[in-house]
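Read off the chains here:
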Amino acid sequence: MTNAIKVSSTNRVYRKKDYHFQLGNHKLPKTTAIFNLPRLKTCPGATELCKKFCYAGKAEKIYPQVPAYRERKYQLSLSPSFVNEISSELEHLGDKIDAVRIHESGDFYDQDYLNKWVEIANKFGGLKFYAYTKSYFLDFSEKPSNMVVRLSLDGTSKEEAKDKEALFDGVAWMNESKERENEFFTCPGSCKTCTYCLDKGDVQFLKH
């Protein structure tokens, strides 16, 4: 791939230009474009458990450039040009990718921002977009079928969040207490060999 450098300790691809997407990581294949925002700052529905065990914080500790990069993406997300800029990069990537992972870090922080992603997903009907969210209070009813969004829950989630399960494409359960461990498909730990989350269905992630 042109304009790319590999970090030997992982399978991540960091492109030299300040692109909006990262292509793959140690769990996701390079055919998945990942868009990230700052952790917690853009997570209005964050629970006590996810604040304590936020996996997105690891990259910020290992790679000092990550916080500033994510902040630039946040500033872009506030801009009226966000939809056009993201769409332009997706068009450029073309058949190099087959999925878009929205928010390995961050979340849908308000309705206007969510609507921008709905507009983007509508433009690319042949491309799969997927995300996990704790923003249960937003309206996801207008998202297209190629945008799969699971409601992210854990043992510290509010009851009002759990009541919204039926409005999403499934539940992503963070299993710490083993409270609901028999209800869900268990994530095998690598999206390079599993594509379960690209379609509707419940899944649990084991805390590690």
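Presented here is a report on the structure given in the accompanying data block. These figures come from a predicted structure and were not determined experimentally. (Residues numbered from 1 in each chain as written. Predicted model: local features only at pLDDT ≥ 70, side-chain atom pairs only at ≥ 80, totals over all residues. Heavy atoms only, no water.)

## Concerning the environment of R101
Here is step 1 of the chain: Along the chain, R101 turns up in strand β5 (residues 99-102).
Here is step 2 of the chain: For the pair formed by R101 and M147, sequence separation is 46 residues and the distance between their alpha carbons is 9.9 Å.
Here is step 3 of the chain: Those residues in contact with R101 that lie beyond four places of it in its chain are L28, T32, A33, I34, F35, Y130 and Y132. (Helix = DSSP H or I, 4+ residues; strand = E, 2+ residues; numbered from the N terminus. Contact = heavy atoms within 4.5 Å.)

## A word on the packing of aromatic side chains
Here is step 1 of the chain: Evaluation of the coordinates by the stated rule reveals 16 aromatic pairs.
Here is step 2 of the chain: Pairing F108 with Y113 gives two aromatic rings, centres 6.1 Å apart and planes at 45 degrees, and the pair type is tilted. Take F108 and Y113: they sit in the same class, and that class is buried.
Here is step 3 of the chain: Relative to Y113, the ring of Y109 has its centre 4.5 Å away and its plane inclined at 10 degrees; by these criteria the two rings are stacked. The burial state of Y109 is the same as that of Y113; both residues are buried.
Here is step 4 of the chain: By the ring-pair criterion, three or more aromatic residues cluster together here, those being F21, F35, Y74, F82, F108, Y109, Y113, W117, F129, F140 and F168. (Phe/Tyr/Trp six-rings, centres within 6.5 Å; stacked < 30°, edge-to-face > 60°. Buried < 20%, exposed > 50% of the residue type's maximum accessible area, 1.4 Å probe, protein only.)

## With respect to helix α3 (residues 66-78)
Here is step 1 of the chain: Relative to the 18 Å expected for 13 residues at 1.5 Å per residue, α3 spans 19 Å between its end C-alpha atoms, a close match to the ideal helical length.
Here is step 2 of the chain: Among all positions in α3, only V66, Y69, R70, K73, Y74, L76 and S77 are buried. Looking straight down α3, one finds that the buried residues subtend no more than 160 degrees of arc, so they occupy a single side.
Here is step 3 of the chain: Buried-residue contacts for α3 involve β3 (22-23), β4 (32-35), α2 (56-62), α4 (82-93) and α5 (111-123). (Expected span 1.5 Å × (residues − 1). Arc of directions from axis to C-beta.)

## As for unusual backbone geometry
Here is step 1 of the chain: Positive phi values are uncommon outside glycine, yet L40 reaches one of about 65 degrees.
Here is step 2 of the chain: With respect to the helices and strands, the residue L40 is situated in the loop between β4 and α1 (48-52).
Here is step 3 of the chain: For H103, which is not glycine, the phi dihedral falls at a positive 75 degrees.
Here is step 4 of the chain: On the secondary structure map, H103 appears in the loop between β5 and α5.
Here is step 5 of the chain: According to the relative accessible area criterion, H103 is buried, its value standing at 3%.

## Some details on the nonpolar core
Here is step 1 of the chain: One finds L90, V100, F108, W117, F129 and M147 to be the most contacted residues of the largest nonpolar core, which totals 39 residues.
Here is step 2 of the chain: Taken together, the elements giving at least two residues each to this core come down to β4, α3, α4, β5, α5, β6 (128-133), β7 (147-153) and β8 (171-175).
Here is step 3 of the chain: For this core, the element with the most residues is α5, which contributes 6 residues.
Here is step 4 of the chain: Contacts of F108, omitting those with residues within four sequence positions, involve P44, I102, H103, Y113, L114, W117, A131, T133, S135, L138, F140 and M147.
Here is step 5 of the chain: One finds Y130, Y132, V148 and A172 within the second-largest nonpolar core, a separate group that totals 9 residues. (Core = buried A, V, L, I, M, F, W, Y, C linked by side-chain atoms within 4.5 Å.)

## What about the pattern of salt bridges?
Here is step 1 of the chain: For the structure on display, the rule yields 9 salt bridges.
Here is step 2 of the chain: Between K41 and E71 there is a salt bridge, with the nearest N and O atoms lying 2.8 Å from each other. You can see K41 sitting in the loop between β4 and α1 and its partner E71 sitting in helix α3, a full 30 residues away along the chain.
Here is step 3 of the chain: Among the salt bridges present, the one from R70 reaches E60, with a minimum N-O distance of 3.0 Å. Pair noted here: R70 is in helix α3 and E60 is in helix α2, with a separation of 10 residues, a long-range link.
Here is step 4 of the chain: For R70, a relative accessible area of 5% translates into the label buried. (Salt bridge = Lys/Arg side-chain N within 4 Å of Asp/Glu carboxyl O.)

## Description of the side chain of R101
Here is step 1 of the chain: The charged side chain of R101 is buried without a salt bridge, its nearest counter-charge being E104 at 6.4 Å.
Here is step 2 of the chain: Separated by 2.7 Å, the side chain of R101 and the backbone oxygen of H103 make a polar contact. (Lys, Arg positive; Asp, Glu negative; His and termini not counted. Polar contact = N/O pair within 3.5 Å; in protein donor to acceptor, adjacent residues only side chain to side chain.)

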